[in-house]
Amino acid sequence: MKIIFILIVLLISFLGFSMVNGQIACPSPFFYRPTNDTVGDYDLGYQYINIGKTLPPPLSFLNNCLMPCQSSFFEQDSWNSFNKLVKQMGSVAFTCSSIVMIIYGPLMNRSFFKFDRHTITVFCFALSTFFIGVSDLMFASNGVDMVCPESHRYARQTDKTCATNGVLYQFGWLGSVMWFAFLAVDGFCRAANKKMNKIAFAIVLAGIWILNIVLSFVPMSGDQYGAYFVGQVNCWILVKNWQYGFFWAELIISLAIGFVSMCLTIFSLIRKTSDGNTLKHVAPLILVFLLFCQYLYMIIFYGIINEKKDHYQNILSEQVGCIFNNALFAMKVPGITYAGECNFNETITFSSQYAFLFFVRLLGIEIFTFYIFSKETMLLIKSSYIATLLGLGDKDAYDVELEETD
C-alpha cells in the first residue's frame, strides 16, 4: 500500500498537482472538488472538466477538477471587455430609458390616463428597457460575484441575487420584444390615420403585461435562472427548450408582426406622399427598422450558437484533454502520444458576442435618441403639469397635435 501511495504522489507531482491542507489541488485554472455526485453538483452551479478519456483509477480524481467561472468560451481579456461594456453602456441605457419614461409616463404626460395609444406604447417600451438597465446596474454593483459567487461555481436560482437579476432581465428583454411589435403596429396606425378603440387598446395593454409576467416568472418553477454566458453576462434561462418556449418563440412572432407592420406603413406612406405629413412618420419607421434588424441578429446569433453548442463543448473538452494528455505523455504512460502545443481555440467569436451585448443595451439608447428631440416630446413637455404650473406651457398643446395625428 505504501508503494502505491508513493506512485500516486509521483503521478500528481508530474501532472503539476499539489496537496493543500491534505486536499488535492488541480493546476490553475482548474479547482479540485471532492465529491462523488458530479451530476448533482451541476444544479449547484459546478461544471467539471471533460477530459474525453477513461482514466486509470490512480488518476480518476482528475474528473473532479472544476472549470473556472466565467466561462472558458472566451479568454479573460474578452470577458473583461464584455463586463465593461455591460456596466458602462447599461448605465447609459438605464438613464436614457428613465428620461423617456418620465416624459411619456403619468408624471408629465397629461394624455397618459386618456389611453393615448402612442405615448403609452413608447412608455411601455422604455419601461422594458429600464428593467434591462436595472439588471445591468445590479451587475455593475455586484460585479462578477453576481454570476460567479465562487471562483469555480456558476450562480444558480438558489443564489437570490442571480434569481432577481434573471427575472428582471427576462422581464425587460421580453417586454421590449413585445412592445417593439406594438410600436410597429402603432406606426402603421399613425401613418394610415387609423384609430384603435380605447377598450381594445386597454385589453392589448393588459394582455401584453400579463403575458410578460407569466413568461418571466414561470421559469422559476423549473429552477431555470442561472449564470448563462452565451450572449450574456447576466443570469438568464439555462435550458435551450425553456428559452425557445419562453422567449424565442415570442420574438419570432413579434418579428413577424413588426415586418408586416413596416411593409404596411411604407405602403401607406407611399400613398400619402402628397399630403405633406409623410416625413414625420419616417423617423419612427427608421427606429422600428433598426430594432427589427437588432432582434433579427439576436435570434440568428442564438440559433447558430445553440445548434453548435455541443461542438463548442467538444472544442473545450479537446483543449482540456490536450493539457492532461501531454502531462500523461511526459510520464510515459503507455498508449499516450504527444498532442502538440495546447493553444486556446476560439469557439464563439469575440465580435459576435460583443455585438449581441451591444445591441441589447442599445435598445434604451435608441428610444431616447429617436424620441427625446421629436416635436411630440416637446409638446408633451409643454403641456406637462410642471410646465403649466410654472406658467411656461399650454395644457392643451399635445391634445391639439393628437387630434391631427391619431
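Refer to the structure presented above.
The structure reproduced in this document is the subject of the present report. (Residues numbered from 1 in each chain as written. Predicted model: local features only at pLDDT ≥ 70, side-chain atom pairs only at ≥ 80, totals over all residues. Heavy atoms only, no water.)

### Overview of the overall build of the protein
Phase 1: Along the protein, the regular secondary structure elements total 13 helices and 6 strands.
Phase 2: Classification of the 406 residues of the protein by burial places 52% in the buried group.
Phase 3: Entry remark: accessible area of the protein is about 19300 Å², with carbon and sulfur atoms responsible for 65%. (Helix = DSSP H or I, 4+ residues; strand = E, 2+ residues; numbered from the N terminus. Buried < 20%, exposed > 50% of the residue type's maximum accessible area, 1.4 Å probe, protein only. Areas by Shrake-Rupley, 256 points an atom, 1.4 Å probe, with all protein chains shown as cover.)

### What about the side chain of Arg-153?
Phase 1: With respect to the helices and strands, Arg-153 occurs in the loop between α4 (117-142) and α5 (160-191).
Phase 2: Within the local environment of Arg-153, its side chain forms a polar contact with the side chain of Asp-159, the two groups lying 3.0 Å apart.
Phase 3: The contact partners of Arg-153, leaving out residues within four places of it in the chain, are Leu-44, Gly-45, Tyr-46, Cys-69, Val-147, Cys-148 and Asp-159. (Polar contact = N/O pair within 3.5 Å; in protein donor to acceptor, adjacent residues only side chain to side chain. Contact = heavy atoms within 4.5 Å.)

### Quick look at the packing of helix α3 (residues 76-104) against α4
Phase 1: Orientation of α3 relative to α4, taken along the N-to-C sense of each, is 150°, at an axis distance of 7 Å. Where α3 crosses over α4, the handedness of that crossing is left-handed.
Phase 2: By residue class, the composition of the contact of α3 with α4 is 14 nonpolar, 8 polar and 2 charged. (Axes fitted to C-alpha atoms, helices over the stretch in contact; angles between N-to-C directions. Left-handed = near helix turned anticlockwise from the far one by under 90°. Nonpolar A, V, L, I, M, F, W, Y, C, P; charged D, E, K, R; others polar.)

### Points about the nonpolar core
Phase 1: Core analysis: the largest hydrophobic core is formed by 96 residues, its most contacted members being Trp-173, Phe-180, Trp-236, Trp-248 and Tyr-295.
Phase 2: The greatest single-element share of this core, amounting to 16 residues, is contributed by α5.
Phase 3: Ignoring any residue separated from it by four or fewer positions in sequence, one finds Trp-236 in contact with Tyr-169, Gln-170, Trp-173, Gln-224, Tyr-225, Gly-226, Tyr-228, Gln-243, Phe-247, Trp-248 and Tyr-302.
Phase 4: By size, the runner-up hydrophobic cluster in this structure holds 5 residues, among which are Phe-30, Cys-65, Met-67 and Val-320. (Core = buried A, V, L, I, M, F, W, Y, C linked by side-chain atoms within 4.5 Å.)

### Considerations on the side chain of Asp-41
Phase 1: If you trace the backbone, Asp-41 turns up in helix α2 (residues 38-42).
Phase 2: Side-chain polar atoms of Asp-41 contact the side chain of Tyr-48, separated by 2.5 Å.
Phase 3: With near-sequence residues (within four places) excluded, Asp-41 lies in contact with Arg-33, Thr-35, Tyr-46 and Tyr-48.

### What to know about unusual backbone geometry
Phase 1: Put simply, Cys-69 and Gln-70 share a cis peptide bond, and its omega is 20°.
Phase 2: With respect to the helices and strands, Gln-70 occurs in the loop between β4 (65-66) and α3.
Phase 3: Positive phi, close to 55°, is recorded for Phe-115, a residue that is not glycine.
Phase 4: When you line up the elements, Phe-115 lands in the loop between α3 and α4.
Phase 5: Residue classification places Phe-115 among the partly exposed positions, given a relative accessible area of 33%.
Phase 6: One non-glycine residue, Asp-223, adopts positive backbone phi at about 50°.
Phase 7: Tracing the sequence through the fold places Asp-223 in the loop between α6 (198-221) and β5 (225-227).
Phase 8: Given a relative accessible area of 54%, Asp-223 falls into the exposed group.

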